[in-house]
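Residues per chain are reported as follows:
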Amino acid sequence: MKFVHIADVHFDMPLIALSGNRELIKNRRIEQKKAFHDVIQFAKQEKVDALFIAGDLFEQKFVEKSTIEYIISNFELIPEISIFITPGNHDPLIKNSPYQIYEWPENVTIFKSEYGMIPLNDADIYGVGFEDYEMKDDTIIPNIQIENPDRINMLITHGTLNGANHQYHDIKERDLAKFDYVALGHIHERKVDDSHIIYPGSLLSCGFDEPGSHGFVYGEITKENCHIEFHELGYQEFQKIYLDVSNMGNFHEALEQLKIEDDIYEIKLTGTKNFEMEELIQTIKQQYPNVCKIKDNTKTAYRFDMIQEEENLKGAFTRKMLAQMQNMSEDEKEEAYKILDYIYQMMNG
């Protein structure tokens, strides 16, 4: 039996990482649809038996009618492939869910929280989905009784493997040994290994907290063996660049150090500055529209050891700040340096 496994597409989610940049948001939404269509075309080309969608296909609170129609139109391209969906915490099977109010193609099965089982060729497909924005009942999977142990038994669900937050369907690895393959969603970081308990990760990265390549899982399974491959889709990824300007004399030198390609970037400027950052920041914005965030965490080269010895308000303030900074984290220290820099500029008029 051949299958494709995806999760966490998050159609129409608010792209907070791109807030304020309409063009990047527009392009990312187009890429999401292209990526989904790529998966459908791959499944069709490889003549797979099943497409597993392990939750968070769309955002219940934001999804548009045209997006649901787009999803359905793609499903209609593969009527010969069985599609199994387990709603997640972002697309739960609630009363006004598109899963409830739209007519879905006959080849689509949408699982509820009370587990279901659908036989398919040599496999029995079990599924557990969200019917609300939370799922605190962690007894469902342990209570699944395998009906046909001699057949391939596969589980699709959305939740946290070995989790302990009791909100988003905690799943214990010890309860999954009865399955030959477990198709999971919810965790956006990819987990593809020989355990056959698989997270494909989000189909496309949703923000700067999801680095690395993204895509889907393709597998072939028998009762004796399961072979899986991760397929990278190759669309824009979110990347962070840390640029230390300490040894740079002007903004041209800083620009030469930037390696900007076709991905989406956040740039964090660090170190001791020897020139004004505003000219550098404005030049980056003009030259690289795919840089959506620039954080200036540089600091001016002050001799704090000398300043704190001054018998004036500046010295007293510096002594107090430096004492407090001893117990701060690195991020907190960066903010404190910014405050010192601002205060010094105010004092200098």
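Look up: the structure comes first, before these words.
Everything numeric here is computed off the predicted structure, so don't read it as measured data.

Side note on the state of the cysteines
Under the criterion given, the structure shown has 0 disulfides. There is no disulfide at Cys206, and the cysteine sulfur nearest it, in Cys292, is 14 Å away. Here Cys206 falls in the buried class, since its relative accessible area comes to 10%.

Re the pairing of strand β2 (residues 50-53)
Neither face of β2 is left uncovered, since the one carrying Ala50 and Phe52 and the one carrying Leu51 and Ile53 both have all their residues buried. With respect to chirality, the unit in which strand β1 (residues 2-6) leads through helix α1 (residues 22-45) into the neighbouring parallel β2 is right-handed. With 4 bridges connecting them, β2 and strand β3 (residues 82-85) associate as parallel partners. In the strand pairing of β3, Leu51 is matched with Ile83. Regarding the hand of the β-α-β motif, the stretch spanning β2, helix α2 (residues 65-75) and β3 is right-handed.

Points about the sheet that holds β3
Strand order across the open sheet formed by 6 strands is β4-β3-β2-β1-β12-β13, with mixed pairing between neighbours. Edge positions in the sheet fall to β4 (108-110) and β13 (226-232), since each of these pairs with one other strand and no more. Geometrically, the sheet is characterised by an average inter-axis angle of 20° between neighbouring strands, direction not taken into account. Against the sheet, α1 engages β1, β2, β12 (215-221) and β13, with an angle of about 170° to β1.

Some remarks on unusual backbone geometry
At His10, a residue that is not glycine, the phi angle is positive and equals roughly 60°. Locating His10 in the fold gives a position in the loop between β1 and α1. Look at Asp12: it is not a glycine, yet its phi comes out positive at around 65°. The residue Asp12 is located in the loop between β1 and α1 in this model. Overall, Asp12 belongs to the buried group, its relative accessible area being 10%.

Regarding the side chain of Thr86
In this structure, Thr86 sits in the loop between β3 and α3 (98-101). Apart from residues lying up to four places away in sequence, Thr86 is in contact with Ile53, Ala54, Gly55, Phe111, Gly127, Val128, Gly129, Ile156, Thr157 and His158.

Digging into the packing of aromatic side chains
As enumerated under the stated definition, the model contains 14 aromatic pairs in all. Pairing Phe58 with Tyr99 gives two aromatic rings, centres 4.9 Å apart and planes at 50°, and the pair type is tilted. Here Tyr99 lies in helix α3 and Phe58 lies in the loop between β2 and α2, a separation of 41 residues in the sequence. Taking relative accessible area as the criterion, Tyr99 reaches 5% and is therefore assigned buried. Lys33 extends its terminal NZ or CZ atom over the ring of Tyr70, reaching a point 5.4 Å from the ring centre.

Here we look at the side chain of His158
The topology assignment puts His158 in strand β7 (residues 152-158). Since its relative accessible area comes to 0%, His158 is described here as buried. Separated by 2.8 Å, the side chain of His158 and the backbone oxygen of Ala54 make a polar contact. At a separation of 3.2 Å, a polar atom in the side chain of His158 contacts the side chain of His186.

Here we look at the nonpolar core
Val4, Leu51, Leu57 and Phe75 are the most contacted members of the largest nonpolar core, which has 34 residues in total. Taken together, the elements giving at least two residues each to this core come down to β1, α1, β2, α2, β3 and β12. Sort the elements by how many residues they give to this core and α1 lands first, with 6 residues. Ignoring sequence-local partners within four residues, the contact set of Val4 consists of Val39, Phe42, Ala43, Val48, Ala50, Leu51, Phe52, Phe216, Val217 and Tyr218. Listed in part, the 21 residues of the second largest apolar core include Phe3, Ala7, Phe52 and Ile221.

Quick look at the pattern of salt bridges
Evaluation of the coordinates by the stated rule reveals 7 salt bridges. The shortest N-O distance in the salt bridge between Lys44 and Glu80 comes to 3.9 Å. Of this pair, Lys44 sits in helix α1 while Glu80 sits in the loop between α2 and β3; the two residues are 36 residues apart in sequence, bridging distant segments of the chain. Judged by relative accessible area, Lys44 falls into the partly exposed class, the value being 36%. A salt bridge links Lys136 to Glu134, with the nearest nitrogen and oxygen atoms 3.6 Å apart.

Thoughts on the sheet that holds strand β15 (residues 264-270)
An order of β14-β15-β17 is seen for the 3 strands of this open sheet, with the pairing classed as parallel. The sheet is open, and its two edges are formed by β14 (238-244) and β17 (291-296), each paired on a single side. When the angles between neighbouring strand axes are averaged without regard to direction, this sheet yields 15°. Bridge count between β14 and β15: 7 bridges; the pairing is parallel. Across the sheet, residue Leu243 finds its bridge partner in β15, namely Leu269.

Rules used throughout
Residues numbered from 1 in each chain as written. Predicted model: local features only at pLDDT ≥ 70, side-chain atom pairs only at ≥ 80, totals over all residues. Heavy atoms only, no water. Disulfide = S-S within 2.5 Å. Buried < 20%, exposed > 50% of the residue type's maximum accessible area, 1.4 Å probe, protein only. Helix = DSSP H or I, 4+ residues; strand = E, 2+ residues; numbered from the N terminus. Right-handed = clockwise from strand over helix to strand, strands pointing away. Pairing = 2+ DSSP bridges. Axes fitted to C-alpha atoms, helices over the stretch in contact; angles between N-to-C directions. Contact = heavy atoms within 4.5 Å. Phe/Tyr/Trp six-rings, centres within 6.5 Å; stacked < 30°, edge-to-face > 60°. Lys NZ or Arg CZ within 6 Å of the ring centre and 35° of its normal. Polar contact = N/O pair within 3.5 Å; in protein donor to acceptor, adjacent residues only side chain to side chain. Core = buried A, V, L, I, M, F, W, Y, C linked by side-chain atoms within 4.5 Å. Salt bridge = Lys/Arg side-chain N within 4 Å of Asp/Glu carboxyl O.

Function-wise, these values are silent; they only describe arrangement.
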